[in-house]
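Here's the letter readout for the chains.
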Amino acid sequence: EALVRGERERLQDERSQIQAERAALRARIDEAVAKLHAEREEEEKRKMPTLESTEVTQWLEELGLEQYNDALMAAGATTLQRATTLSDAELERCGVTLPGHRKALSTAIRELRLAYPTALKDEQQRRERVAALDAQRTALDDELEAAELSEKAALAAAADT
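The rules behind these values
- Residues numbered from 1 in each chain as written.
- Predicted model: local features only at pLDDT ≥ 70, side-chain atom pairs only at ≥ 80, totals over all residues.
- Heavy atoms only, no water.
- Helix = DSSP H or I, 4+ residues; strand = E, 2+ residues; numbered from the N terminus.
- Buried < 20%, exposed > 50% of the residue type's maximum accessible area, 1.4 Å probe, protein only.
- Contact = heavy atoms within 4.5 Å.
- Areas by Shrake-Rupley, 256 points an atom, 1.4 Å probe, with all protein chains shown as cover.
- Expected span 1.5 Å × (residues − 1).
- Arc of directions from axis to C-beta.
- pLDDT = per-residue confidence, 0-100.
- Core = buried A, V, L, I, M, F, W, Y, C linked by side-chain atoms within 4.5 Å.
- Salt bridge = Lys/Arg side-chain N within 4 Å of Asp/Glu carboxyl O.
- Patch = residues over 30% accessible without salt bridge, like charges linked within 9 Å, V, L, I, M, F, W, Y side chains within 5 Å.
- Lys, Arg positive; Asp, Glu negative; His and termini not counted.
- Charge placed at Lys NZ, Arg CZ, Asp CG, Glu CD.

Caption draft 1: Expanded view of the overall build of the protein chain. Per the secondary structure count, the protein chain includes seven helices and zero strands. Listed N to C, the secondary structure of the protein chain is α-α-α-α-α-α-α in terms of helices and strands. The 161 residues of the protein chain split such that 28% are buried. Within the protein chain, contacts between residues separated by at least 24 positions form 72% of all contacts whose residues are at least 6 apart in sequence. When the accessible surface of the protein chain is totalled, it reaches about 10300 Å², and 51% of it is carbon and sulfur.

Caption draft 2: Geometry of helix 6 (residues 99-115). Its 17 residues place the ends of helix 6 24 Å apart at the C-alpha level, agreeing with the 24 Å of an ideal helix rising 1.5 Å per residue. For helix 6, every residue scored as buried is listed here: Arg102, Leu105, Ser106, Ala108, Ile109 and Leu112. Down the axis of helix 6, the smallest arc covering the buried residues is 165°, so these residues share one side. Along helix 6, exposed side chains directed more than 90 degrees from the buried face belong to Pro99, Lys103, Glu111 and Leu114.

Caption draft 3: The arrangement of the confidence of the model for the protein chain in detail. Summarising the model, the protein chain shows a mean pLDDT of 81, and 87% of its residues fall at 70 or more. Least confident of the elements in the protein chain is helix 7 (residues 117-160), whose mean pLDDT is 78; most confident is helix 5 (residues 88-93), at 90. Low pLDDT (under 50) marks residues 48-53, which in the prediction has 16 contacts with non-local residues, meaning those over four places away or in another chain.

Caption draft 4: Up close: the nonpolar core. Val56, Trp59, Leu60, Leu72, Leu86, Leu91 and Leu105 are the most contacted members of the largest nonpolar core, which totals 18 residues. At the level of secondary structure, the elements contributing two or more residues to this core comprise helix 2 (53-63), helix 3 (69-74), helix 4 (80-83) and helix 6. One finds Leu36, Val130, Leu133 and Leu140 within the second-largest nonpolar core, a separate group that totals six residues.

Caption draft 5: Examining the pattern of salt bridges more closely. Taken as a whole and assessed by the stated rule, the structure comprises seven salt bridges. Note that Arg15 is salt-bridged to Glu148, the shortest N-O span being 3.6 Å. Taken together, the residues span a long stretch of sequence, with Arg15 in helix 1 (residues 2-47) and Glu148 in helix 7 at a distance of 133 residues. Exposure remark for Arg15: the relative accessible area of 35% places this residue in the partly exposed category. Residues Asp30 and Arg137 are paired through a salt bridge, measuring 2.0 Å at the closest nitrogen-oxygen approach. One end of the pair, Asp30, is in helix 1; the other, Arg137, is in helix 7, and 107 residues separate them in sequence. Accessibility expressed as a relative area gives 36% for Asp30, which makes it partly exposed.

Caption draft 6: A look at a negative patch on the surface. Together, Glu21, Asp142, Glu143 and Glu145 line one region of the surface with negative charge. Ranked by the residues each element gives to the negative patch, the list is headed by helix 7, at three residues. When you line up the elements, Glu21 lands in helix 1.

If you want it as structure tokens, here you go:
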């Protein structure tokens, strides 16, 4: 019985240590994600003027495609910089189903990308970093789950003896 109690205490200590490490890693990941979002906002301010939705609306009006304003806003294209990240497939999902309209928007987006070449690259890099951090978070969750299962199995084995 003393052996079982000792093993149980050891496992509880190990679990506490794993939980503390997990909490510290999660905090670091959350901090990194917050930093990435802050960097993104700073990049938007520094490299390209942040354009309000009225300017996106104006851009669409100049193209004669103002009917897609609400759809682009719903897709997250609230600034011209964000509009540069829309693909043809995303335009179609937004409801830009007429080929001529989609082509006109795609051409205008390409022109924006040429005018602001770093916008798309910066956004892709940020998305990749966020995805990597999300993968790390998932791996940590999996690790903790495996440790908890291992602990339960060890406790069950100790209780059987």
